[in-house]
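# Close look at the chain arrangement
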Amino acid sequence: MFTLSPEGKTAVLAELKRYEVIESAIIPALYIAQKENKGWISKDVIHHLSEVMKIPESKITEVFQFYTMFNQKPVGQYHVQVCTNISCAANGGRELANHLCKEIRVQLGEVSKDGKFTVSRAECLGSCGTAPMMQVNDRYYENLTAESAMNILRGLK
Amino acid sequence: MEAKLLSEFYHKDEFRFLAGYQKFGGYETLKKAFTLTPQAILEEVKASGLRGRGGAGFATGVKWGFLPKNDEPRYLLCNADEGEPGTFKDRLMMERAPHQLIEGMIISAFAINSHKGYIYIRGEYDFPIAVLKQALQEAYDAKLLGSNILGSGFNFDLDLYVGAGAYICGEETGMISSLEGKKGQPKLKPPFPAIQGYLKKPTIVNNVETLAAVVPIIKDGAAAYRKFGTEKSAGTKLFSLSGNILRPGNYEVNLGYPMKDFIYGLGGGMRPGRKLKAVIPGGSSAPVLTAEEAERATMDYENLAQMGSMLGSGAVIVLDDSQCMVDMLGVLTHFYHHESCGQCTPCREGTGWLNKIVHSILEGRGRLQDLDLLIKVADNMKGRTICALSDAAALPVLSFVSKFRDEFDFFVREGRSKVKGVSQHAQMHH
């Protein structure tokens, strides 16, 4: 069973008071819960948020399923998202995503055996002038080569 | 030559902090604004000819003028959900000059008599979010936000709302749905947000660059602003240059700037040995231009519309002769299929079919009739939906297939790309 930490619960309750309508707190609450649940949203998480926020599960589920930044299944400790939209595709973004999968020995979207990495392809991340690029958890890494990207990933604890 | 009306101090690191921003004249325009009437500011913005910098290019002052003339509470929302492929200018503006946006928003709020605003920013923009949070705190601490700003008697609260990954939330009514805590699905217009927007209250949604541009307009006046740009495309604009180009990046130039000079001058031109093949001039939704068209285009609303394309968000995506147009279209059809919110049938089904057909061609299973089918499906997606995403998905297909028909014909006939060195793209699309 998932429960928010005391700090997480306080933060969610503060978000409930922050906006004109309480439903606006659903996205912020999902972010807080996802951080505390190893990077993804399970049914337990929705259930718990529903109780804490006093918002029906169906409403929270609807929001959660609509947005790509909420993960619907477990991800690795580091979620590596390689942009493969047009400017990155024209600069080797797709080849980069394939290369990282091969080096890490993981299928796209799956978790590596050691639980450390998930490699996904992402739509445009607004880093088109510094292509190709990847986002690792919250951080952008730009102007990558196959080697520099692997070096960055190897350097992660 | 760049024309740095907005971006003059972006290279200075201190510009992102309140003290640094004020050192270069920051918040002086706000003081000036408070000596004017809201109506006078609205008239100045109208007279400046400023048009929305997010993509639609609608006249900003006219949009503000749609608000009801009463005391009903109204909201000012900043669209910072930058997601149009190829666009990264708002990110730069928020990272380098968050106070310019905040100052522009306070002046705009004063003009439209709004006391509450939100900056809706895409969730992936972790660093700009951090910069904005810090800037908002600085502004509150300096009493530039909150009640009785600078002793003017005017109150304005501004908060940041972080989205969670949905291209459609860049559409203004989709953004409003999202801010209300729902799925980010667009709403039918009319009623337009200016009449019935956020929480059914009158709402103005403007792009980051549009709101920031209010600062120089009020600082030096509409006439000074109109010295930049053309008659119908007044002022300067930040263009995001990307793709196969030697010096990608954001450049602020006069509207009406020759695209040839932009690509070969500021952008440094093509990689050695490569030739220009195509340019998408205004973000991925803008119809593609051939090299010949791009070299005679000027970067303004009217010229690009005359050429059958659009200025859009100002994202100039350059493709050289190493790129296969069938492959590039496959990237775009995948994107629009992924981002369709699904509420309108022509878009939900149409984006899926476009993507399937292009990918069957890429996998070597294309049939001769598929190209006509693509055009037929795309034609049927135009003007039939709540928002513009369906049209945005159809336009690249129509322009790619009609302007690069030989590449599509070759791929269907031979089961491989006409471009040498491009192989096995099918696997890259999955």
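Everything that follows concerns the structure shown earlier in this document.
Quick look at the structure, then. (Residues numbered from 1 in each chain as written. Chains lettered and ligands numbered in written order. Predicted model: local features only at pLDDT ≥ 70, side-chain atom pairs only at ≥ 80, totals over all residues. Heavy atoms only, no water.)

Looking now at the interface of chain B and chain A. Every contact between the two is made by 59 residues of chain B and, on the other side, 40 residues of chain A. Summing both partners gives a buried area of about 3700 Å² for chain B against chain A, and 54% of it is carried by carbon and sulfur. Linking chain B with chain A are 4 salt bridges, by the criterion used here. Where chain B meets chain A, there are 23 residue pairs in polar contact (both at pLDDT 80 or more). (Contact = heavy atoms within 4.5 Å. Buried area = accessible area lost by both parts, 1.4 Å probe. Salt bridge = Lys/Arg side-chain N within 4 Å of Asp/Glu carboxyl O. Polar contact = N/O pair within 3.5 Å; in protein donor to acceptor, adjacent residues only side chain to side chain.)

Pairing between the strands of a sheet comes from backbone hydrogen bonds, and it takes one of two forms, parallel or antiparallel. All names here are of chain B. As summarised here, the arrangement of the 4 strands in space is 3-2-1-4, forming an open sheet in which the pairing is parallel. Edge positions in the open sheet fall to strand 3 (157-162) and strand 4 (203-207), since each of these has one partner strand only. Between one strand axis and the next, the sheet turns by 20 degrees as a mean value, whatever way the strands run. Across 6 bridges, strand 1 (residues 75-80) lies against strand 2 (residues 116-121) in parallel orientation. Of the residues in strand 2, the one forming a bridge with N79 is Y120. Sheet contacts for helix 6 (residues 98-112): strand 1, strand 2, strand 3 and strand 4; angle to strand 1, the most-contacted strand, approximately 150 degrees. Across the sheet, helix 7 (residues 126-141) lies against strand 2 and strand 3, angled at about 165 degrees from strand 3, the strand it touches most. (Pairing = 2+ DSSP bridges. Helix = DSSP H or I, 4+ residues; strand = E, 2+ residues; numbered from the N terminus. Axes fitted to C-alpha atoms, helices over the stretch in contact; angles between N-to-C directions.)

So, about unusual backbone geometry. Backbone torsion omega between A131(A) and P132(A) reads -5 degrees, so that peptide bond is classified as cis. Counting through the fold element by element, P132(A) comes out in the loop between strand 2 (117-122) and strand 3 (134-136). For the bond running from K189(B) to P190(B), omega is -5 degrees, close enough to zero to count as cis. With respect to the helices and strands, the residue P190(B) is situated in the loop between helix 8 (172-179) and strand 4. In this structure, Y27(B) is a non-glycine residue whose phi angle is positive, near 65 degrees.

Our next topic: the side chain of E172(B). All names here are of chain B. Structurally, E172 can be placed in helix 8. At 3.4 Å, the side chain of E172 forms a polar contact with the side chain of K189. Those residues within four positions of E172 in sequence are excluded, and the remaining contacts are K63, K189, P193 and V205.

Time to look at the environment of F117(A). Residue and element names in this part refer to chain A. With respect to the helices and strands, the residue F117 is situated in strand 2. In sequence terms F117 and S24 are 93 residues apart; their C-alpha atoms lie 31 Å from each other. Residues contacting F117, with those up to four places away along its chain left out, are G76, Q77, Y78, V80, I104, V106, E110, V111, S112, L153 and L156.

Moving on to the environment of T290(B). All names here are of chain B. Note on placement: T290 falls in strand 9 (residues 289-290). Here T290 falls in the buried class, since its relative accessible area comes to 19%. Taking the C-alpha atoms as reference points, T290 and F228, 62 residues apart in sequence, are found 28 Å from one another. Apart from residues lying up to four places away in sequence, T290 is in contact with K277, A278, K403 and F404. (Buried < 20%, exposed > 50% of the residue type's maximum accessible area, 1.4 Å probe, protein only.)

In this section: the packing of helix 3 (residues 43-53) of chain A against helix 4 (residues 57-66) of chain A. All names here are of chain A. Taken N-terminus to C-terminus, the directions of helix 3 and helix 4 make an angle of 125 degrees; their axes are 9 Å apart at the nearest point. By the angle between their axes, helix 3 is oblique relative to helix 4. The hand of the helix 3/helix 4 crossing is right-handed. Contacts between helix 3 and helix 4 involve I46, H47, L49 and S50 on the former and, on the latter, E57, I60, T61 and F64. Residue composition of the contact of helix 3 with helix 4, grouped by class: 4 nonpolar, 3 polar and 1 charged. (Parallel < 35°, antiparallel > 145°, perpendicular 65-115°, else oblique. Left-handed = near helix turned anticlockwise from the far one by under 90°. Nonpolar A, V, L, I, M, F, W, Y, C, P; charged D, E, K, R; others polar.)

Such coordinate-based values are descriptive only and should not be taken to indicate function.
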